[in-house]
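# Examination of the molecular architecture
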Amino acid sequence: MKKGMKRPLIDSIKKIDRRVLYWIVVFLLFYTILHFFYSGVYMPMFKLTGEGKIGQVLVEIRPLEKFLKEREPITLKDNPRQYGAFFLMVFYPILLLTQNPAVIEKILLFLAYLSLGLALYFTYRILDGKKKYAVLLLLFVLWMNFSSLYYIMAVKNVELWELALLCFALFSLLQKRSFLAGFSIAAATLIKLLPAIFFFYFLIKNRKALAYGLLSLLGILLVSHILFGPQVGLSYLPLVLAGGLKGDSWAVSHFENNGMKGMVYKLASGFQQDPAYPWVFLLQEEAKQMAFFLALAGQLAVLLLLGFLLWKHRHVQQKEIIWKEFGLVSATMLLLSPVSAMEYSTLLLLAFSIGLYFIFFEKTDVWQIILFVGSYLLIGHFVPFSIALQFFPSSFISNGLGLTVLEPSEIYKAIGMPFLGFLLLFLFFFRLLWKRKVKTMSD
């Protein structure tokens, strides 16, 4: 595409014959509804059930169950990745009512549906404008064909809670409700730590939201300190952050880790598998030190790029710029995390929604479309992951790298296909913000 020929994708779509367009929309809706009811209702309700499917959440609530029985403070000794204070506070009244895993699973699924509905509603409200029905259709197709979303619904984990809070934070920020924005990010951070990067965003763009967020963080931790003990209270953040920042952090070379740090460590290992546990890659001490410094340099470089772009627009309150910034920070979140599994990309649904809006309704070039579509297909797939894997040369890669023990889905994650998706999304939003001329007054 020649320079100056940027155009919204919707302009090209309008040129399609109306009858053809009608049947395309009908097909997309039919496929999406079928996909949702099979993968989002039938599978998590009737097939992917039992303690084995909610094992991670059961591990995370075990210290709370022990606390209710023994009334001894919760510690991080047995679980260094312990979910945070807000998670414990949500589960505290639930465990007072029941500790039956089957009932807990039903409650978790209800919370997943509630969080999904709220996240979608707030995202629609964020992007709502003159194109109401088109935006609603695009969001429905985008979200309900996102395979990582269905993985989270199957295991009933907490990423959808965090997504709802991130969507509410952006909605509140646009409504100039700084307290609600700050509280939402604090709550999301104290479920799992990934959303803490938005405090960096607030530091540059919205000091009032930063102050409210830090006060909320302190308040939640103080209540948890009193209720459950210091290691999930005021000592929680220093303990967990120290564990994540050290060289040999938890699961750093696990095959699923697709954060920048995880990918550097896996590459430095030469994909040499641990004979006792082949889902982890081994590094010699010298390679481990090199990987630590390379990963740290890469993380700092990404953080500096993020900080530069945010600083460049620090006085801009135009809503479209804030959308793009939230998208960029979201993509950066998974690149910088010490551990980023593919299913964490559920947290990117807000960012993908913003990106899709700009592709359809604003001027974008072919490279931006390639970056966006490539990212979505790598981590969202559009089709079920099992079908997407049919087009992935897993046998060739397995034989070449000696990963014969791993399943095709595990090879896909081991060699960093989700990482590439995170990187492409980062580059998509980077291009949007880098080239965009902005107004300095609120629209």
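Residues numbered from 1 in each chain as written. Predicted model: local features only at pLDDT ≥ 70, side-chain atom pairs only at ≥ 80, totals over all residues. Heavy atoms only, no water.

## As for the overall build of the protein chain
- Counting its secondary structure elements, the protein chain contains 21 helices and 2 strands.
- A compact globule built from 443 residues should have a C-alpha radius of gyration of about 22 Å, and the protein chain, at 22 Å, falls within 12% of that.
- Taken along its principal axes, the extent of the C-alpha atoms in the protein chain is 65 × 55 × 45 Å.
- Here the protein chain holds 443 residues, and the buried ones make up 53% of them.
- In the protein chain, of all internal contacts separated by at least 6 residues, the share reaching a separation of at least 24 is 76%.
- Side chains of the protein chain give 43 positive and 25 negative charges; the mean places of these two sets differ by 13 Å. (Helix = DSSP H or I, 4+ residues; strand = E, 2+ residues; numbered from the N terminus. Rg over C-alpha atoms; globule rule 2.2 N^0.38 Å. Buried < 20%, exposed > 50% of the residue type's maximum accessible area, 1.4 Å probe, protein only. Contact = heavy atoms within 4.5 Å. Lys, Arg positive; Asp, Glu negative; His and termini not counted. Charge placed at Lys NZ, Arg CZ, Asp CG, Glu CD.)

## Quick word on the packing of helix H14 (residues 285–312) against helix H15 (residues 319–336)
- For the pair H14 and H15, the least separation of the axes is 11 Å and the interaxial angle reads 170 degrees. Accordingly, the angle class assigned to the pair H14 and H15 is roughly antiparallel. Contact residues: Gln299, Val302, Leu303, Leu306, Leu309 and Leu310 in H14; Glu325, Leu328, Val329, Thr332 and Leu336 in H15.
- The class makeup of the residues in the contact of H14 with H15 is 8 nonpolar, 2 polar and 1 charged. (Axes fitted to C-alpha atoms, helices over the stretch in contact; angles between N-to-C directions. Parallel < 35°, antiparallel > 145°, perpendicular 65-115°, else oblique. Nonpolar A, V, L, I, M, F, W, Y, C, P; charged D, E, K, R; others polar.)

## Quick notes on the confidence of the model for the protein chain
- Residues at a pLDDT of 70 or more form 95% of the protein chain, whose mean pLDDT is 91.
- Confidence drops under a pLDDT of 50 for residues 1–5, and excluding neighbours within four residues, the segment shows 3 contacts in the predicted structure.
- Long-range and interchain partners of residues 438–443, a stretch whose pLDDT sits below 50, account for 12 contacts in this model, where long-range means more than four residues apart. (pLDDT = per-residue confidence, 0-100.)

## Overview of the nonpolar core
- With 142 residues, the main nonpolar core has Phe87, Phe91 and Trp143 as its most contacted residues.
- When neighbours within four sequence positions are excluded, Phe87 is seen to be in contact with Val57, Glu60, Ile61, Val158, Trp161, Leu190 and Ile191.
- Within the second largest apolar cluster, 7 residues are counted, among which are Val264, Tyr265, Ala287 and Ala291. (Core = buried A, V, L, I, M, F, W, Y, C linked by side-chain atoms within 4.5 Å.)

## Here's the deal with the pattern of salt bridges
- If you walk through the whole model with that rule in mind, you get 5 salt bridges.
- As a salt-bridge pair, Glu325 and Lys205 come within 3.2 Å of each other at their nearest N and O atoms. Residue Glu325 is found in helix H15, and its partner Lys205 is found in helix H10 (residues 197–205); the two are separated by 120 residues along the sequence. Across the pair, Lys205 and Glu325 agree in class, each one buried. (Salt bridge = Lys/Arg side-chain N within 4 Å of Asp/Glu carboxyl O.)

## Here we look at unusual backbone geometry
- Residue Lys176 is not a glycine yet carries a positive backbone phi of 60 degrees.
- You can see Lys176 is positioned in the loop between helix H8 (159–174) and helix H9 (178–189).
- Notably, His381 is not glycine yet its phi reads approximately 70 degrees, a positive angle.
- As for its position among the elements, His381 is in the loop between helix H17 (366–379) and helix H18 (385–388).

## A closer look at the side chain of His35
- Residue placement: His35 occurs in helix H2 (residues 18–47).
- At a separation of 2.8 Å, a polar atom in the side chain of His35 contacts the side chain of Asn145.
- Residues contacting His35, with those up to four places away along its chain left out, are Gly40, Met144, Asn145, Tyr150, Phe382, Val383 and Pro384. (Polar contact = N/O pair within 3.5 Å; in protein donor to acceptor, adjacent residues only side chain to side chain.)

## Points about the side chain of Ser345
- Within the secondary structure, Ser345 is located in the loop between H15 and helix H16 (349–361).
- When neighbours within four sequence positions are excluded, Ser345 is seen to be in contact with Phe146, Ser148, Leu334, Ile379 and Phe422.

## Here we look at the packing of H10 against helix H11 (residues 207–228)
- Two elements in contact, H10 and H11, have axes whose closest approach is 6 Å; the angle formed by their N-to-C orientations is 140 degrees. Relative to H11, H10 is oriented oblique. Across the interface between the two elements, Phe199, Phe202, Leu203, Ile204 and Lys205 of H10 pack against Arg207, Ala209, Leu210, Gly213, Leu214 and Leu217 of H11.
- Within the contact of H10 with H11, the residues separate by chemical class into 8 nonpolar, 1 polar and 2 charged.

## Here we look at the environment of Lys319
- Along the chain, the position of Lys319 falls in helix H15.
- When the C-alpha atoms of Lys319 and Ala291 are compared, they prove to be 39 Å apart, with 28 residues separating the residues in sequence.

## Notes on the environment of Lys15
- Here Lys15 is to be found in the loop between helix H1 (9–13) and H2.
- Separated by 253 residues in sequence, Lys15 and Ala268 place their C-alpha atoms 50 Å apart.

## Topic: H10
- With 7 of 9 residues buried, H10 lies mostly within the body of the structure.
- Among all positions of H10, only Ile197, Phe198, Phe199, Tyr201, Phe202, Ile204 and Lys205 are buried.
- In the core, the buried residues of H10 are packed alongside H8, H9, H11, H14 and H15.

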